[in-house]
Amino acid sequence: MKNFRANFILMLGYLPFILLWGVVFILDSALTYNTGIGKTVGFYVIMSLIPLGSFLCFMVYKNKVQICSSDLLISLFVVLAVAITYANYPQWNGKMITLIQLLVLYFSFRFFLMQKKENGNLILSIIMFTGVALAMWGIFQLYGIVPSQHSGFSITGPFFNPGPYAGYLTAIFPCALFYTLHDNQYLGSNTRRKKIYYRLRFGITSAAVASIILILPATLSRAAWIAAGISGILVLSIYLVQYKKDHIFFAKKFSIKRRIAVTTLALILSIICITALYHLKKDSADGRALIWKVSLTVAKKQWIGVGLGYFGGRFGDAQGDYFASGQGTDEQKLLAGEPEYAFNDFLQIIVELGILLFFILVTIFVKAFILGIRNGKIAEIGTLTAILIFAMFSYPFNLIPFLILLVFILASCVTPNRNLKSEEVSYLTREPIYPWNSIKVQKAVLLVNWAIVICCIKIMYPVYTSNLIWGQNRYLFSMNSYEEVITQYQPLYSDLKDQAQFLFEYGQALSKTEKYDESIAVLTQASYLSGDPMFLIILGKNLMGLKNYRMAQTYFKRASERVPHRLYPYYMLSKAYYDAGDFSNAIKTANYVLTKKVKIDSPATGEMREEMKKMIKSLKTN
């Protein structure tokens, strides 16, 4: 009876940690009528159970967690990140709350993994199973059996475009590759129970490797290909060193000259592959290089950080300054956009949180690598490598599924494979360990974690309901029912201040109904979050409505500098000159609109040019 009770408690404890990996399958458009926070809502719901799950497992095994310097560094990073963001903008936003939740998740994983070695193996098996399911999802999308989540791409999985989908599969690939190699040698185990276990896991991992290799090329994600290649080679190399010391590469007859020749050939092939990948989507690569260059100028101006979630607004200002100074080339002007992310998460962390927190984060990753290798966590090291390489060219640190996976990997690398005494753990990790004195203290910590989660959910629940109402009423904006939009959106403003798209719709509705001052306040808040020049253009329109033409011209000029290949800012600037009575500048700007080369011609650009022709003709006639 006692064993039955313990097993029942364990099953309840395991359940939240199993459900957590289902977050990746939730569509971003789900749960809130296409406001893009479906995965975030799912994460918060399951997080309400995670501390309880680790508490139940701890109640059964009572293995105390030894707190180490990595735990302290991660806690320090979260505290400083929240403090820097609040110091820049004294209000709470969703990213700050999510970061606190991730800290709780980290310590919950630490407790869960410390109780029993098999707990980590269970999580890894579930992760690899999700890899199989996700790869099959992409294959079904490729053949048109399952709809894509983006009209412009045939393969997205449960994500909004192929990039994150390919990146998540890439993170699972090295883990699955290691266990495919590892379990293959144990398939003939004499113990029937182990034989069944290894065969089952080998089936999952080999299916994951095969399906990921099948679908990954079709995603056309160069960052994912590079990450998969490097992490796969790393895992294979460590595996050969640790498990296959008799491999031909280590044999004496495989001389140093041959090893040098193999290494040189590998380098040459790598250079050829990188060059080919660059030319595969050259404009995309050059566009990212521009983003990185402009982002560095932001980091130099404010080395302490601009705050979590405020990259877009500062980047937009910096890009406008860059082109206004005459530094930008004609090619860069055509490539310029209004990115929400830096397409290099390390660079985005420097911009948002400053150079100090960047070095703290690098230290956390370095320590995770060292402890992971010492603790024999080869699969986890491979996954961590894949995520970090992918983060150099994309934005996985901004997506909930990647953050959950990253937090698990960090906790797993820090936690030893087996339960050891404090002296043994110290020897294993070779760093100071700070034991907590009693089980009661650790129980209290777990309960505090749960209290923190409940507080975070209480703060975010109104945000969820506001997103729900917003999603249900977005059709009003598309129907141009602006008065009704204002009625429905006004009560949501305080909860959705960190949603740039909501602020755009609300600010535009206020502008269309001639509530110019209110629109300016809303759109000014939005301009901190996004670099989209449309926010500046609508601000300029509001100022024209208030007869402040000089300031309106300033906003239109800033919009034209921010994304120079767009015609609309110059069109509005010409109208502002005309309304202000500055006809010479109006004609000059209108002629520029007529001759300007645009990135993509459309009916809208034709209409704007036609209107400019009429204005010029009218002014010359009179």
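Residues numbered from 1 in each chain as written. Predicted model: local features only at pLDDT ≥ 70, side-chain atom pairs only at ≥ 80, totals over all residues. Heavy atoms only, no water.

One recurring pattern in soluble globular proteins: nonpolar side chains tend to sit buried together. Among the nonpolar cores identified, the biggest contains 177 residues, and W21, F43, L105 and F397 are the most heavily contacted of them. If you look at the next biggest cluster of nonpolar residues, it comprises six residues, including F55, V65, F111 and M114. (Core = buried A, V, L, I, M, F, W, Y, C linked by side-chain atoms within 4.5 Å. Buried < 20%, exposed > 50% of the residue type's maximum accessible area, 1.4 Å probe, protein only.)

In this section: the side chain of S295. Positionally, S295 belongs in helix α11 (residues 282–301). Residue S295 is classed as buried on the basis of its relative accessible area, which comes to 0%. (Helix = DSSP H or I, 4+ residues; strand = E, 2+ residues; numbered from the N terminus.)

Let us now look at the pattern of salt bridges. Enumeration according to the criterion identifies 11 salt bridges in this entry. E505 is paired through a salt bridge with R474; the nearest N and O atoms lie 2.7 Å apart. Residue E505 is found in helix α20 (residues 500–512), and its partner R474 is found in helix α18 (residues 439–478); the two are separated by 31 residues along the sequence. Judged by relative accessible area, E505 falls into the buried class, the value being 3%. Classification of R474 by relative accessible area gives partly exposed; the value is 22%. With a shortest N-O distance of 3.7 Å, E611 and K575 are connected by a salt bridge. Of the two residues, E611 sits in helix α26 (residues 603–621) while K575 sits in helix α24 (residues 568–580), which places them 36 residues apart along the sequence. Assessed through its relative accessible area of 35%, E611 is described here as partly exposed. Classification of K575 as partly exposed rests on a relative accessible area of 27%. Among the ionic contacts, a cluster of salt bridges with common partners joins D317, R558 and R562. (Salt bridge = Lys/Arg side-chain N within 4 Å of Asp/Glu carboxyl O.)

On to the packing of α24 against helix α25 (residues 583–595), then. In the contact formed by α24 and α25, the axes pass within 8 Å of each other and the chain directions differ by 160°. In terms of their interaxial angle, α24 and α25 are classed as roughly antiparallel. Crossing geometry of α24 relative to α25 is assigned as left-handed. Of α25, the residues touching α24 (which contributes Y570, Y571, L573, S574, Y577 and Y578) are F583, N585, A586, T589, A590, Y592 and V593. Class assignment of the residues belonging to the contact of α24 with α25 gives a composition of 10 nonpolar, three polar and no charged. (Axes fitted to C-alpha atoms, helices over the stretch in contact; angles between N-to-C directions. Parallel < 35°, antiparallel > 145°, perpendicular 65-115°, else oblique. Left-handed = near helix turned anticlockwise from the far one by under 90°. Contact = heavy atoms within 4.5 Å. Nonpolar A, V, L, I, M, F, W, Y, C, P; charged D, E, K, R; others polar.)

This brings us to helix α22 (residues 533–545). The terminal C-alpha atoms of α22, which comprises 13 residues, lie 19 Å apart, in line with the 18 Å expected from a rise of 1.5 Å per residue. When you tally the buried positions in α22, you get 10 out of 13 residues, the bulk of the element. All of the buried residues along α22 are P533, F535, L536, I537, I538, L539, G540, N542, L543 and M544. Looking at the buried positions of α22, the neighbouring elements they touch are α20, α21 (516–529), α23 (549–562) and α24. The N-cap of α22, judged by a side-chain oxygen 3.0 Å from the amide nitrogen of M534 a few residues on, is D532. Positive phi appears at K547, one or two residues downstream of α22, with a value of about 65°. (Expected span 1.5 Å × (residues − 1). Polar contact = N/O pair within 3.5 Å; in protein donor to acceptor, adjacent residues only side chain to side chain.)

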